[in-house]
Each structure stands twice: as C-alpha cells, then as structure tokens.
Amino acid sequence: MAEKSTRDREIERAGEVMREFMARAVLFQEAVAKWGGLNSTDLQCASLLMSQGPATPGELADRAGLTAGGGITTAIDRLERAGFVTRERDPNDRRRVIVTANSGAILERFGEVYGRVGARWNDYLETLSDEQLAFANELFSRAAELNRDEIDRLRGQ
C-alpha cells in the first residue's frame, strides 16, 4: 500500500477538523441555550429572527426546519414568555401574526457569552495576515454554503 502524500494527509485532517468544529458548534449552542434557560431550538429561532428579521410563524418554521403549527407555536410561546420575542398582528393583514426578536433582551441575556467568545476569536484573528483572513472567510463562507445546500436537500427542497 502506497504511503499517503502530505496533501492527502492534510485533506483527511481537514475533514476531521471540520467534523470536530461542527460538533463543537452544535454543543456550544446547546450549552449556551441551557445556560440561558432555553432549549437549543428556541435559541436558534431567536437567532434567526435577529439575523433575518421578523417573520410569520410559518416563515420562522421554514427557517428553523420545524413543522408549522404546534412545534413552532410552542417555541414562540416560550420565547415570548421569556421576553425574547413579540407577536403582533400584521397591520396590512390582520389575519397574519408577525414575530419579532427583542434584540435588547436577547443580547442582555446571551451577550456575555457571545461577547466573551467573540473577543477571544477577534484576538486570534488579529494574529492572521490579510491573506489568511481572506482564506478563512472564504473557507467558512463555503462551509456555510455547503451546509445550507445539504439542509435544503435533507428537507426535500
């Protein structure tokens, strides 16, 4: 059996590193949610509302990969009780409800953790050259794109 080239070993290692990164990211989000008194799905819904803007319950369910109806309603109920979202009637269509993140409350509760991690991350990024930063941005952008594509595939979209 031929010995693996350095490139082959590095490609193999890159796969291992990405799997570890993804697993740790999921475990981190779960730990943050639990620390903040939520479950990870609820925290993800709040995060999606902050990053992508207000949504109807059905739109939020689509974003989060939940079923419209009971599952998303329960998540929104918990987030509303915690003060992290508000529900209001759409002024243009009173039949529709719009869910909006209360960014101030979310940041007040979770900002400490994300701020600490962000500061550590920024300290590391400061050690990189402009070329390394560009590469890292491309790598993470591509990883997010590949994950988004696979999420859509798994959801049958």
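Notes on the structure follow. (Residues numbered from 1 in each chain as written. Predicted model: local features only at pLDDT ≥ 70, side-chain atom pairs only at ≥ 80, totals over all residues. Heavy atoms only, no water.)

## Some details on the nonpolar core
The cut-off we apply is this: Residues belong to a common nonpolar core when they are buried Ala, Val, Leu, Ile, Met, Phe, Trp, Tyr or Cys residues joined through side-chain atoms within 4.5 Å. Exposure is judged per residue with a 1.4 Å probe applied to protein chains only, and the accessible area is read against the type maximum: over 50% gives exposed, under 20% gives buried, and values in between give partly exposed. The helix and strand labels rest on DSSP assignments: H or I over at least four residues marks a helix, E over at least two residues marks a strand, and numbering proceeds from the N terminus. The criterion used for residue contact is that any of the two residues' heavy atoms lie within 4.5 Å.
The biggest cluster of nonpolar side chains holds 21 residues, and the ones touching the most others in it are L38, L49, L60, L79 and F110. Listing elements by their share of this core, those giving two or more residues are α1 (6-35), α2 (40-52), α3 (57-64), α4 (70-81), β2 (93-101) and α5 (103-125). Tallying contributions element by element places α2 first for this core, with five residues. Contact partners of L49, with chain neighbours within four places excluded, come to P54, A55, L60, R63, V85, V99 and A101.

## A closer look at the environment of G37
In this structure, G37 sits in the loop between α1 and α2. Taking the C-alpha atoms as reference points, G37 and V26, eleven residues apart in sequence, are found 17 Å from one another.

## Topic: the pattern of salt bridges
Applied cut-off: Counted as salt bridges are all cases of a side-chain nitrogen of Lys or Arg within 4 Å of a carboxyl oxygen of Asp or Glu.
Counting across every chain of the model gives eleven salt bridges. With a closest N to O distance of 2.6 Å, R78 and D42 form a salt bridge. Residue R78 is located in helix α4, and its partner D42 is located in helix α2; the two are separated by 36 residues in the primary sequence. We note a salt bridge from R96 to D90, for which the minimum N-O separation is 3.0 Å. Residue classification places R96 among the partly exposed residues on the basis of a relative accessible area of 33%. Relative accessible area serves as the criterion here: at 10%, D90 is assigned to the buried category.

## A word on the environment of R87
By the element assignment, R87 lies in strand β1 (residues 85-90). The class of R87 is partly exposed, set by a relative accessible area of 28%. In this structure the C-alpha to C-alpha distance between R87 and T100, which are 13 residues apart in sequence, comes to 6.6 Å. Those residues in contact with R87 that sit more than four places away from it in its chain are T73, I76, D77, E80, V97, I98 and V99.

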